[in-house]
Amino acid sequence: MTTENPTPAEAGELILTAVLREKLWRELYDVMRRSCDANGPRLVTELESLVANALVASLSSETNAATDPLQRELEGVFRRNSDIVEELPESDLAYVVAQALAGNRPDGLA
C-alpha cells in the first residue's frame, strides 16, 4: 500500500487503521491517566511490564489472576478491543502503547 496516491480502497484502509489506533490509544491513555492520578506515577519499566503482561493475558483464553489493579484494567481494555489489537499492525500497536505509557494524548482529545 502506498500513501502518496492511495487508491480509494487503500485510503479507506488507512482511515480505518487510524480510527482503530486512536480508539485503543484513547482507552489506554484514560486508564494510565486515572491510575497516575489515583496512585502517582510509576516507573516506565514497571508500566511496560504491566502492559506486556496484560496484552498476553488478554490474548489467552484463561482468566488472569493479576493482583495489580492497573494490569487488570489494562487487560480489560485489550480484551474489549481484541478486534483492534488483532487488526492493527504490530508497529502501530507498539506505537499506541508507547504513546499511552508516555502520557501523550491522542490528537482527538483536547
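Note that the structure is a prediction, hence the values are computed from the model and not measured.

Can you lay out a negative patch on the surface for me, pointing to particular residues and giving the numbers?
A cluster of like negative charges, contributed by E13, D83, E86 and E87, occupies part of the molecular surface. Ranked by residues supplied to the negative patch, first place goes to helix α4 (residues 82-87) with three residues. Secondary-structure assignment places D83 in helix α4. On the accessibility criterion, D83 (48% relative accessible area) is partly exposed.

Got a sec to walk through the packing of helix α2 (residues 44-59) against helix α5 (residues 90-101)? Specific residues and values, please.
As a packed pair, α2 and α5 sit with axes 11 Å apart at the nearest point and diverge in direction by 140°. One finds that α2 runs oblique with respect to α5. Read as a crossing pair, α2 and α5 show a hand that is right-handed. Contacts between α2 and α5 involve L47, E48, V51 and L55 on the former and, on the latter, L93, V97 and L101. Residues of the contact of α2 with α5, tallied by class, amount to six nonpolar, no polar and one charged.

Please set out the environment of A57 residue by residue, giving values where relevant.
Note on placement: A57 falls in helix α2. With relative accessibility at 9%, the residue A57 sits in the buried group. Sequence-wise, A57 and A98 are 41 residues apart; in three dimensions their C-alpha atoms are separated by 18 Å.

Please provide a residue-by-residue account of the confidence of the model for the chain, values included.
With 90% of its residues at a pLDDT of at least 70, the chain reaches an overall mean of 85. Helix α3 (residues 69-80) holds the highest mean pLDDT among the elements of the chain, 91, whereas α2 holds the lowest, 88.

Provide a residue-level description of the packing of aromatic side chains, including the pertinent values.
By the definition in use, this model includes one aromatic pair. Look at W25 and Y95: their rings are 5.7 Å apart centre to centre, the planes differ by 85°, and that puts the pair in the edge-to-face class. Of this pair, W25 sits in helix α1 (residues 8-39) while Y95 sits in helix α5, and the two are 70 residues apart along the sequence. Its relative accessible area of 9% is what places W25 among the buried residues.

A description of the nonpolar core should follow, citing residues and the corresponding values.
The biggest cluster of nonpolar side chains holds 24 residues, and the ones touching the most others in it are L24, L28, L70, L74, F78 and V97. Among the elements that line this core, the one with the most residues is α1, at seven residues. Here L70 is in contact with V31, M32, S35, R42, L47 and L50, once residues within four sequence places are set aside.

Rules of the game
Residues numbered from 1 in each chain as written. Predicted model: local features only at pLDDT ≥ 70, side-chain atom pairs only at ≥ 80, totals over all residues. Heavy atoms only, no water. Patch = residues over 30% accessible without salt bridge, like charges linked within 9 Å, V, L, I, M, F, W, Y side chains within 5 Å. Areas by Shrake-Rupley, 256 points an atom, 1.4 Å probe, with all protein chains shown as cover. Salt bridge = Lys/Arg side-chain N within 4 Å of Asp/Glu carboxyl O. Lys, Arg positive; Asp, Glu negative; His and termini not counted. Charge placed at Lys NZ, Arg CZ, Asp CG, Glu CD. Helix = DSSP H or I, 4+ residues; strand = E, 2+ residues; numbered from the N terminus. Buried < 20%, exposed > 50% of the residue type's maximum accessible area, 1.4 Å probe, protein only. Axes fitted to C-alpha atoms, helices over the stretch in contact; angles between N-to-C directions. Parallel < 35°, antiparallel > 145°, perpendicular 65-115°, else oblique. Left-handed = near helix turned anticlockwise from the far one by under 90°. Contact = heavy atoms within 4.5 Å. Nonpolar A, V, L, I, M, F, W, Y, C, P; charged D, E, K, R; others polar. pLDDT = per-residue confidence, 0-100. Phe/Tyr/Trp six-rings, centres within 6.5 Å; stacked < 30°, edge-to-face > 60°. Core = buried A, V, L, I, M, F, W, Y, C linked by side-chain atoms within 4.5 Å.

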